[in-house]
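Chain by chain, the residues run as shown.
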Amino acid sequence: MLYLRRGGKGARRLLLSLLLLAIWKAGSSQVHYSVPEEAKHGTFVGRVAQDLGLELAELVPRLFRVASKGRGDLLEVNLQNGILFVNSRIDREELCGRSLECSIHLEVVVQRPPQFFHVEVEVKDINDNPPVFREREQRLFIPESRLLGSHFPLEGAADADIGTNSLLTYTLSPSDYFSLDIQASDELSKSLALELRKVLDREETPELRLLLTATDGGKPELQGTVQLLITVLDVNDNAPVFSQAVYRVHLSETIANGTLVTTLNASDADEGVNGEIAFFFGSDVPVNIRKNFNIDSGSGEITLLGKLDYEETKSYEIQVKAVDKGSPPMSNHCKVFVKVLDENDNAPELAVRSLSLPVGEDAPLGTVIAFVSVSDRDSSANGQVTCTLTPHVPFKLVSTFKNYYSLVLDSALDREKLSHYELVVTARDGGSPSLSATASVSVEVADVNDNAPTFAQPEYTVFVKENNPPGCHIFTVSARDADAQENALVSYSLVERRVGERALSSYVSVHAESGRVFALQPLDHEELELLRFQVSARDAGVPPLGSAVTLQVFVLDENDHAPALLPPGAGAGGGAGGGELVWRAVGAGHVVAKVRAVDADSGYNAWLSYELLPAAGGARSPFRVGLYTGEISTTRALDEADAPRQRLLVLVKDHGEPALAVTATVLLSLVDSGQAPKASLGMSAGATDPKLALVDVNVYLIIAICAVSSLLVLTLLLYTALRCSASPMEGACGPGKPVLVCSSAVGSWSYSQQRRQRVCSGEGPPKTDLMAFSPSLPPGPNMSEENQHPEGNSEHSGNPRQPNPDWRYSASLRAGMHSSVHLEEAGILRAGPGGADQQWPTVSSATPEPEAGEVSPPVGAGVNSNSWTFKYGPGNPKQSGPKPKKQTQVSFLLRHKGEASQPLQ
């Protein structure tokens, strides 16, 4: 207990110092304990778990452990109660030597999450070492001639303890001749000497024995003693004398071997041999001083033998003895104090301990990766170390305690960009020049399933020929996943849907691992032209990620269907076995019959051509057949030499590879002009002759078509007139592309009316239509002529007969009228005379030179082709064929698919 006087300034200062020390310890970021040395095994040190804020139940699950820089078995922690206790004997002198501060530094590490704590245990010194003299007996030779007050140096004792336990007091046994003289210094140890109090007389007292006792300041006090044997000598009564009692020298720790430290100077008042002096190290000089220093006994020069190291020994105190050569010899002592100056000769030391490797790429910011500790044996600025990390990495160093750092995550990781980091931690001291040390830390980034499989393109187009063998490979899809291992294992599957009334899986399948797509059954172009489906790619991560790609499988047509002949229709010559009446009076180029055929294929495979096979015997036939129309026409005027019954063989073939063909037989009956009334009479009598009945039916059919067409044109004109008389708001329609109503007079297109009006459809869904209206032609000279002879028609007048209304369409077009017609949006429709050219959808074809009035598919197109050519009358300069006397005017209504009809603006 400390008792303070009132008003005592010293007591106040001491109390303030203790208060500041307590505040500093409380604010430090470490836990501090103290334990006395030589404590028994199991001695309580502190409740470290409780003081660190850790729960006892967490110690084992969080892998609580304690590590020490030095000996790791001195202290231990009981994981059951979190108490730090003494595990083995602690000897402070063995642990820290003569250092005033002695501490055991413990590193406490817990994981999940990783945490690091620093615990300092101060080892308190106890008075367990008594003062010890180097020798049990010290011999002194003192001449009798020495004067009173002379001093004779003695070797003091050494105490291994520190502080008050090493503060020594000396006492000398009672003597009439000598007293003990003690010289104290702040930096140096006490100097002992015997002081002569009474003149010696060798004859009276030749020898004296005294007991020197050294007592330390500990409790209990410990003592050490040495016997002083004093021999009184005669003669040589002057001892050597040093010029300085203490020699002070400062040496750098990097000084070279053999360097002169200092030169001692001593003198002896005696003459001759008694005045000659030799220098020696004192008998109490330690072995390490004798290894590092050498003294020349004659000159007194002290030189460096070894290498100085400030980190091992900061100063040296050398006891030097000067002895003359008298008999008996006389001696004196001095001290040489060598202070070692620190140099920056020690590079920093780095220690890295990894705790959380590898690191997941989804690790949160601030995740502790590793612990880094640095140290430097130098002092002052030479020992101040700063730590840096490789620049431009997603990590940083965070200082947790003095010379302790945590390597933490500073920014997000992406394994797909960089999966491995080689970090270099650099520790650099503050010396000049500075020294540094580096340590490498390898950080592996663990993969997380954060990337879905991706295809090279969102959609693929595949062309497959029809009639493929079942199970054939048609395509291979491939998706790439930027992840690794199981997160990058991609499996493929179909996105199931219905194709018509059947499931998609009945048509195709996909291999789950390779992505190969197979056709499970033969595909038929006529049944399925386009198969559109999706293939899904999914990885094996948790949770799995996926994406899909679209496949468009176009089934290419094969020439697997031969042309098929259509049965003979009304008003036309027919297929096999059909018949037609032909007037002998017809001229060249008159169409007498037409062969109709269709092909279920498409493109070239459905493009049909007609060829008239030569007659038997090589006779030249007066008929020919249109190459692409199938129309049978006369090549010359018929005469009496021609057989009354003509049998024609027409070969119909497609353009496939190989080409398929069919043969049609056409029977023609040549009738003279005088037989016509009989034929008409026979038809009216009951149509006993089927051929005459067929002609009659054709006439009626033409009349009916013209009537219906006229009625439709009249309806449109009436509707247009009503729309023109209505207000502009009533004629407004919804958004959509414009529709053009146009007519053709001379092969080019022009508007049928000068004023363009809006035409809107009803509520039904928008469609794409191409509608051809039969013309309502004004009567001409020829028409009046024909009206005068209705029963004879063109055969009686000698002019070519008007062909049937369907002559303009090829068999393929008639069979495929249900298909949509593609309108190219870059065409130009020409207006009437003097009108401007209008940008409007046109219908184009790649047909090289179609015959007059022919509608033919382009190269590679067929019944369901998307592009056609319409050419009429003599407006096409390349057409060849019959030249009728009157021009036919045909009107078309073109409407875009997906939109309602709208007027032009």
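Predicted model, so just to flag it, every value in this text is computed and none were measured.

As for its position among the elements, D324 is in strand β22 (residues 315-324). Put simply, D324 is tucked away with no salt bridge, and the nearest opposite charge, on R146, sits 8.1 Å away. Polar side-chain contacts of D324 include one of 3.4 Å to the backbone nitrogen of G326. A distance of 2.4 Å separates the side chain of D324 from the backbone nitrogen of M330, its partner in a polar contact. If sequence neighbours within four positions are ignored, D324 has contacts with N236, N238, A239, P240, D268, D270, N274, E276, I277, P329 and M330.

For the protein chain, mean pLDDT is 75; residues scoring 70 or higher make up 72% of the total. Low pLDDT (under 50) marks residues 20-29, which in the prediction has four contacts with non-local residues, meaning those over four places away or in another chain. Confidence drops under pLDDT 50 across residues 570-578; counting only partners more than four residues distant or on other chains, this segment forms 27 contacts.

The mixed open sheet is built from four strands, whose spatial order is β33-β42-β41-β36. Looking at which strands have only one partner, the edges of the open sheet turn out to be β33 (459-465) and β36 (490-494). Recorded for the sheet is a direction-independent mean angle of 30° between the axes of neighbouring strands. Examined bridge by bridge, β36 and strand β41 (residues 530-539) share five bridges and lie antiparallel to one another. Bridge pairing links L494 to V535 in β41.

Turning our attention to the sheet that holds strand β19 (residues 277-281). The four strands lie next to each other as β16-β23-β22-β19, forming an open sheet whose pairing is mixed. Looking along the sheet, the strands with just one partner apiece sit at the ends: β16 (246-252) and β19. Going across the sheet, the axis of each strand differs from the next one's by a mean of 25°, ignoring polarity. Pairing geometry for β19 and β22, over five bridges, is antiparallel. Across the sheet, I277 pairs through a bridge with D324, a residue of β22.

To continue, consider the packing of aromatic side chains. Under the definition given, this model contains twelve aromatic pairs. Ring plane angle 65° and centroid distance 6.4 Å describe the contact between F133 and Y170, whose orientation is recorded as edge-to-face. Separated by 37 residues along the polypeptide, F133 in the loop between β7 (115-124) and β8 (137-143) and Y170 in strand β10 (residues 169-172) bring together distant segments of the chain. Each of the two residues, F133 as well as Y170, counts as buried. Look at F401 and Y404: their rings are 6.2 Å apart centre to centre, the planes differ by 40°, and that puts the pair in the tilted class. By relative accessible area, which is 5% here, Y404 ends up buried. Taken together through their ring pairs, the aromatic side chains of F116, F371, F401 and Y404 make up a single cluster.

What counts as what
Residues numbered from 1 in each chain as written. Predicted model: local features only at pLDDT ≥ 70, side-chain atom pairs only at ≥ 80, totals over all residues. Heavy atoms only, no water. Helix = DSSP H or I, 4+ residues; strand = E, 2+ residues; numbered from the N terminus. Buried < 20%, exposed > 50% of the residue type's maximum accessible area, 1.4 Å probe, protein only. Lys, Arg positive; Asp, Glu negative; His and termini not counted. Salt bridge = Lys/Arg side-chain N within 4 Å of Asp/Glu carboxyl O. Polar contact = N/O pair within 3.5 Å; in protein donor to acceptor, adjacent residues only side chain to side chain. Contact = heavy atoms within 4.5 Å. pLDDT = per-residue confidence, 0-100. Pairing = 2+ DSSP bridges. Axes fitted to C-alpha atoms, helices over the stretch in contact; angles between N-to-C directions. Phe/Tyr/Trp six-rings, centres within 6.5 Å; stacked < 30°, edge-to-face > 60°.

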